[in-house]
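Analysis of the macromolecular model
What follows is the residue order along each chain.
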Amino acid sequence: MILCLLFQIRSPSGYKFLHDQNIVPLPCVNTIRKNLLAFKSECGFDNLFIKLLKKKFSNKTQQQRTGILLLDEIFLRTSINVKTRRLTYSGLEDFGGEIEKKVNSSELADHGLVFMWLCLGDDITQPIAVSASKGPVKDIDLVQLVVKAIILLENAGLQVVELLPTCDGASTNKTMLKILNVTGKKSDFKNYFQNPFNDNRKIYVFSDTPHAVKNVRNRLFQNKQLKIHPSKSSIKWDHYSQVLKCDTKTMLKICPKITRKHIELNNMTKMKVKFATQVLKQNLLWLDEWEKNLEDGLIQEKEFLTKATSESLRLTLKSTIDLVLFLLEECGFSYVLTSKLNQDNLEKFFGIIRQTSGPNDHPTTPTFLQLYRLLSICSLVKPPKSGNCTVYSY
């Protein structure tokens, strides 16, 4: 029935044709509408859902109950619907009563914030909360929601070992990390904060790794060259262009996966993470030495990364090392799939919402909230054919 609901939302005409022609035994549209009304689209944390989550993980092992908390926002189109059964509106700012000053807000929401739980010891991904806001959620409000999410998950028997906000340079994310006393600066570096549920445990903070790699690639493309040390040759974007030029003249290619889309970037290809990872594959362990050369005046500022990118890389590299050691030495993990330490699953979730909404890259707020409820209980939906992430099979 859930798949029928998603099909009818995405293509009403296609659904009607298959139903009227009896090609597939599908329920009628009125039945679909009745079932849609059964899905509540309230925001905030659902205590009943947390209880069900606790029951689901009650028989899981310690490794299966260990995971990370993902959070990110999606841009929405403003719209408002009337819930006739309750005589309330859908499409306004709504935090489910978690933010006191936002209760009964009359502002139209144009952003959706989603919290997602990702299990590190099993192939389980579950959205746990959603909020609708006008503009990005404010930093102090975001911290409050993060702490509430961690406490609820820990109380349900899960162990949160990592927080992965989008960390894409937005001021709210930077301030949130500052409030949590987390910084990627070389001078006063700190990559974790104390677990609010258990003071004896740490929660490591990551930047989204694919996003950081993409920023490095974009910096090289914009400045055309970067320099590690005066005694060493510059890293030039033209090197990649020359490789592509040579490959186009022969059937035997040196880099068969590199195409013009990787080299001749536009606003869309700059957003493609897979293009960035295929161009830049070298390890960034020499980041501190590189920054020291900048501080000593050996290289110019334009020959180094941006401040935000360098801090994000340092934060992610150190957190990856610390978290892997913690999982192997103290949590009984035999191995760690580091490919899970990013936001691909949340990006995939947003991609499914956009795909289900039809041609709309930015669904309306009421539609988004309704689809969130549907998808949060339905994991057997195919991933989008394209998007800003890679879908892995574990």
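Before any of the text, the structure's been laid out above.
A quick note: this is a predicted structure, and the numbers were derived from the prediction, not measured. In every chain, residue numbers begin from 1 and rise along the written sequence. Totals for whole chains, interfaces and linings use all residues, but because this is a predicted model, local features are given only for residues with pLDDT of at least 70 and pairs of side-chain atoms are given and counted only at 80 or more. The basis for every side-chain value is the complete set of heavy atoms in the structure, and neither hydrogens nor water enter the calculation.

A short note on the pattern of salt bridges
One side-chain nitrogen of Lys or Arg within 4 Å of one carboxyl oxygen of Asp or Glu is enough to make a salt bridge. Per the counting criterion, the structure on display carries 10 salt bridges. A salt bridge links Glu98 to Lys148, with the nearest nitrogen and oxygen atoms 2.7 Å apart. Of the two residues, Glu98 sits in the loop between β4 (88-90) and β5 (111-119) while Lys148 sits in helix α5 (residues 139-155), which places them 50 residues apart along the sequence. Lys318 is paired through a salt bridge with Asp322; the nearest N and O atoms lie 3.4 Å apart. Remark: Asp322 and Lys318 occur in helix α12 (residues 307-329); sequence separation between them is four residues, near one turn of the helix. Helical segments are the DSSP runs of H or I of at least four residues, strand segments are the runs of E of at least two, and each set is numbered from the N terminus.

Topic: empty space enclosed by the protein
Of the grid points, spaced at 1 Å and generated over the protein atoms alone, those admitting a 1.4 Å probe that cannot get out make up cavities, while open sets with protein on both sides within 12 Å along at least five of seven lines make up pockets; any residue with an atom within 4 Å of a point is treated as lining. Grid points are joined across faces, edges and corners, and a volume is the space filled by probe spheres set on the points. Scanning the model with the defined rule gives one cavity of 30 Å³ or more in all. For the largest cavity, the calculated volume is near 40 Å³. Together, Glu93, Phe95, Lys102, Ser133, Lys134, Pro136, Val137, Lys138 and Asp141 line the largest cavity. Counted by class, the lining of the largest cavity contains three nonpolar, one polar and five charged residues. Under the convention adopted here, Pro, Cys and the residues Ala, Val, Leu, Ile, Met, Phe, Trp and Tyr are nonpolar, Asp, Glu, Lys and Arg are charged, and Gly plus all remaining residues are polar.

Overview of the nonpolar core
To qualify as a nonpolar core, a set must consist of buried Ala, Val, Leu, Ile, Met, Phe, Trp, Tyr and Cys residues joined through side-chain atoms within 4.5 Å. When accessible area is computed with a 1.4 Å probe and restricted to protein chains, residues below 20% of their type maximum are described as buried, those above 50% as exposed, and intermediate ones as partly exposed. Judged by nonpolar contacts, the single largest core of 37 residues is most densely connected at Leu69, Phe115 and Ile128. Elements represented by at least two residues in this core include exactly α4 (47-56), β2 (66-75), β5, β6 (125-133), α5, β7 (159-165), α6 (171-179) and β9 (202-205). Ranked by residues supplied to this core, first place goes to α5 with eight residues. We call two residues in contact when some of their heavy atoms are within 4.5 Å. Other than its neighbours up to four places away in sequence, Leu69 contacts Phe115, Met116, Ile128, Val146, Ala149, Ile150, Leu153, Val160, Glu162, Leu163 and Leu164. In this structure, Leu5, Ile74, Phe206 and Phe349 belong to the second largest nonpolar core, which totals 36 residues.

Digging into helix α11 (residues 287-295)
Leu287, Trp290, Glu291 and Asn293 are the residues of α11 that are buried. End-on, the buried residues of α11 take up no more than an arc of 150 degrees, which puts them together on one face. Those residues of α11 that are buried are in contact with β10 (225-226) and α12. Each C-beta atom gives one direction from the helix axis, and the arc is the one those directions make.

Topic: α4
If you check which residues of α4 are buried, you get Phe49, Ile50 and Leu53. In a view along the axis of α4, the buried residues occupy a sector of 100 degrees, so they form one face of it. Among the exposed residues of α4, those oriented more than 90 degrees off its buried face are Asn47, Leu48, Lys51, Leu52 and Lys55. Near the N-terminus of α4, the side chain that reaches the backbone nitrogen of Leu48, with its oxygen 3.0 Å away, is that of Asp46. Think of a polar contact as two N or O atoms within 3.5 Å of one another; within protein, one of them needs to be a possible hydrogen donor and the other a possible acceptor, and neighboring residues in sequence only count if both atoms come from side chains.

Digging into the environment of Asn215
The topology assignment puts Asn215 in helix α7 (residues 209-223). Of the residues examined, Asn215 reaches a relative accessible area of 25% and is grouped as partly exposed. Along the primary structure Asn215 and Thr306 are separated by 91 residues, whereas in three dimensions their C-alpha atoms are 8.7 Å apart.

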